[in-house]
Amino acid sequence: MQEHLEDKSDSDSTGNKATHGDGSVHGSLFDGWNSPPNLVTYVRIVLVVVFLALYIASGRFGSESLPLRWSATALFIIAASTDKLDGWMARRYNQVTELGKLLDPIADKLLILAALVVASCFNEIAWWVTALFLIRELGITVMRFIVIDTGGSVIAASKAGKYKTLFECFAIALLLAPIPALVGIETGPAHVYTIVTAAIVYIALILCLYSGGEYLYHTLRRR
């Protein structure tokens, strides 16, 4: 990994420049668009659509269908985990590309933010929490486009950005799992589970805002 700081959610698959095996630098954003790591990213984007369909159809806390809710939970975990796969492939086979560095975080943000929006629609999480996640993630994504459009390169990830993604995925997986519906929403174990889930969501939110500020600071400093 590079030592510069970035907000990239799945930063394991990126570097500052896309390179061929001989060390030469890719000149175009679309060079290597069909590389295996990028194909994995495309699949993850498709999985987001399927995940949303299952999540919405399952209803609030799985009230419409617990099997669909469990399926949505499993698909979310699979989609989030594929980030590590394309990161490993990109490093292992020297197939880091500028397109991959751009699409990987977008794929992750689609997955995470879509899950948060549906959760808020179902009143499973407060709208103000989702709003803060949306503002930060979309703001950093717009900034990333501006940096690339003005000739800059995507900056490598900070540790805070990596921890942010880890806690986000963990929190959403806990939120998706219909444990309260299984044990009874009004029972003690369900309340404990809800409190633990909320605590992890807030930790993820703090890391999200902190890493966003860090990315903003270092981007402006470099420019």
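Residues numbered from 1 in each chain as written. Predicted model: local features only at pLDDT ≥ 70, side-chain atom pairs only at ≥ 80, totals over all residues. Heavy atoms only, no water.

A. Geometry of the pattern of salt bridges. Evaluation of the coordinates by the stated rule reveals five salt bridges. Glu137 is the partner of Lys109 in a salt bridge, and the nearest nitrogen-oxygen pair spans 3.3 Å. In this pair, Lys109 sits in helix α3 (residues 98-121) while Glu137 sits in helix α4 (residues 127-149), placing the two residues 28 residues apart along the sequence. In terms of burial, Lys109 and Glu137 fall into one category: buried. Between Lys164 and Glu168 there is a salt bridge, with the nearest N and O atoms lying 3.9 Å from each other. Taken as a pair, Lys164 and Glu168 lie in helix α5 (residues 159-176) at a separation of four residues, close to a single helical turn. Taken as a pair, Lys164 and Glu168 share a single burial class, namely buried. (Salt bridge = Lys/Arg side-chain N within 4 Å of Asp/Glu carboxyl O. Helix = DSSP H or I, 4+ residues; strand = E, 2+ residues; numbered from the N terminus. Buried < 20%, exposed > 50% of the residue type's maximum accessible area, 1.4 Å probe, protein only.)

B. Main features of unusual backbone geometry. In this structure, Phe61 takes a positive phi of about 55° despite not being glycine. Along the chain, the position of Phe61 falls in the loop between α1 (36-58) and α2 (66-92). Positive phi, normally seen in glycine, also occurs at Asn123, with a value near 60°. Position of Asn123 relative to the elements: it lies in the loop between α3 and α4.

C. Focus on the packing of α5 against helix α7 (residues 188-222). The interhelical angle for the contact between α5 and α7, taken along N-to-C directions, is 155°, at an axis separation of 8 Å. Relative to α7, the element α5 is oriented roughly antiparallel. For the element pair α5 and α7, the recorded crossing hand is left-handed. Contacts from Ala160, Gly161, Tyr163, Lys164, Phe167, Glu168, Phe170, Ala171, Leu174 and Leu175 in α5 reach Tyr193, Thr197, Ile200, Val201, Ile203, Ala204, Leu207, Cys208, Tyr210, Ser211 and Glu214 in α7. By residue class, the composition of the contact of α5 with α7 is 15 nonpolar, three polar and three charged. (Axes fitted to C-alpha atoms, helices over the stretch in contact; angles between N-to-C directions. Parallel < 35°, antiparallel > 145°, perpendicular 65-115°, else oblique. Left-handed = near helix turned anticlockwise from the far one by under 90°. Contact = heavy atoms within 4.5 Å. Nonpolar A, V, L, I, M, F, W, Y, C, P; charged D, E, K, R; others polar.)

D. Main features of the environment of Thr82. Secondary-structure assignment places Thr82 in helix α2. Each C-alpha atom of the pair Thr82 and Thr41 lies 7.9 Å from the other, and the pair is 41 residues apart in sequence. Once residues within four sequence positions are removed from consideration, Thr82 is found in contact with Val40 and Arg44.

E. Quick look at the nonpolar core. Of all hydrophobic cores here, the largest spans 34 residues; its most connected members are Phe51, Tyr55, Phe76 and Phe133. Within the residue set of this core, elements represented by two or more residues are α1, α2, α3, α4, α5 and α7. In contact with Phe133, other than residues within four places in its own chain, are Leu113, Leu116, Glu168, Val201, Ala204, Leu205 and Cys208. (Core = buried A, V, L, I, M, F, W, Y, C linked by side-chain atoms within 4.5 Å.)

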